[in-house]
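Inside the fold
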Amino acid sequence: MKKDLIKKLVLPLSYVIMGILFCIFKSVVSEWICRVIGIIITLYGSINLVQDLKNKNANLYLTGDVVTIGFGALIIVLSFVIVTVINILLGVVFIIYGCYKIAFGQMVGKISKSTLIIALIDGALYLVIGILLIINSDSIYIILGVILMVAGIIDLIQIMSAKGPFNESKTSSKDVLDVEVKVIDDEEK
């Protein structure tokens, strides 16, 4: 019972922790994540290389293991460049989507004024996020951190207040689902 609760709390707590890290360390957290991914890939390639060297018939896999190690090392070394490229690509996507939302909101004929305003605000938000991603502003990381913290706190509140496996009632499912089935044969009529 408590293990289930702990399992359900891990993700919301990790959201809160990641949110705090993004707010404090800003863009450095993205580089850390990139480096951790690079380390994991390098370790995976190294473990496979050692296993394949023990197996004398596995010369075919040695090249793939060395390439995996090299790819992981490249991610570790170029983490800043990778994060910058991803920020620029995401920024362009957000700007295009924001322009689409603004244009679509104005092109649709029979919508209410409030729906149009919401579409325009939505598009403008995408534009701002895209621009912030491209200029690599630390403010986008603070916004992301706040969003992660709020999402984690909301999830924690929902988990703690939910009536479910953590707050089981005294009745079991056996008591609730007590059904009697009677089969009537056509010939008996």
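Look above for the structure.
Residues numbered from 1 in each chain as written. Predicted model: local features only at pLDDT ≥ 70, side-chain atom pairs only at ≥ 80, totals over all residues. Heavy atoms only, no water.

A separate point is the overall build of the protein. When you go through the protein residue by residue, the secondary structure sums to seven helices and zero strands. Going from N to C terminus, the protein has its helices and strands arranged as α-α-α-α-α-α-α. Per-residue burial for the protein yields a buried fraction of 21% across its 189 residues. For the protein, the exposed area adds up to about 14,000 Å²; of that, 71% sits on carbon and sulfur atoms. (Helix = DSSP H or I, 4+ residues; strand = E, 2+ residues; numbered from the N terminus. Buried < 20%, exposed > 50% of the residue type's maximum accessible area, 1.4 Å probe, protein only. Areas by Shrake-Rupley, 256 points an atom, 1.4 Å probe, with all protein chains shown as cover.)

Two quantities define a packed helix pair, namely the angle between the axes and the distance from one axis to the other. Their axes nearest at 8 Å, the elements helix H1 (residues 2–25) and helix H2 (residues 28–54) cross at an angle of 125 degrees. Between H1 and H2, the crossing angle belongs to the class labelled oblique. Contacts between H1 and H2 involve Met 18, Leu 21, Phe 22 and Phe 25 on the former and, on the latter, Val 28, Val 29, Ser 30, Trp 32 and Ile 33. (Axes fitted to C-alpha atoms, helices over the stretch in contact; angles between N-to-C directions. Parallel < 35°, antiparallel > 145°, perpendicular 65-115°, else oblique. Contact = heavy atoms within 4.5 Å.)

Enumeration according to the criterion identifies one cavity of 30 Å³ or more in this entry. Estimates place the volume of the largest cavity at around 30 Å³. Every residue along the wall of the largest cavity is listed here: Ser 27, Glu 31, Phe 80, Val 83, Thr 84, Asn 87, Asn 136 and Tyr 141. Here the lining of the largest cavity gets four residues from one element, more than from any other, and that element is helix H4 (residues 79–107). Grouping the constituent residues of the lining of the largest cavity by class yields three nonpolar, four polar and one charged. (1 Å grid on protein atoms, 1.4 Å probe; cavity = no way out; pocket = protein on both sides within 12 Å on 5 of 7 lines; lining within 4 Å. Points joined across faces, edges and corners; volume = space filled by probe spheres on them. Nonpolar A, V, L, I, M, F, W, Y, C, P; charged D, E, K, R; others polar.)

A separate point is the layout of surface pockets. As a volume, the largest pocket reaches approximately 360 Å³. Breaking the lining of the largest pocket down by element, the ones donating at least two residues are H2, H4, helix H5 (113–134) and helix H6 (138–161). Residues of the lining of the largest pocket, tallied by class, amount to 16 nonpolar, two polar and no charged.

So, on to the side chain of Asn 87. Locating Asn 87 in the fold gives a position in helix H4. The class for Asn 87 is buried, based on a relative accessible area of 7%. Excluding residues that lie within four positions of it along the chain, Asn 87 makes contacts with Leu 133, Ile 134, Asn 136 and Tyr 141.

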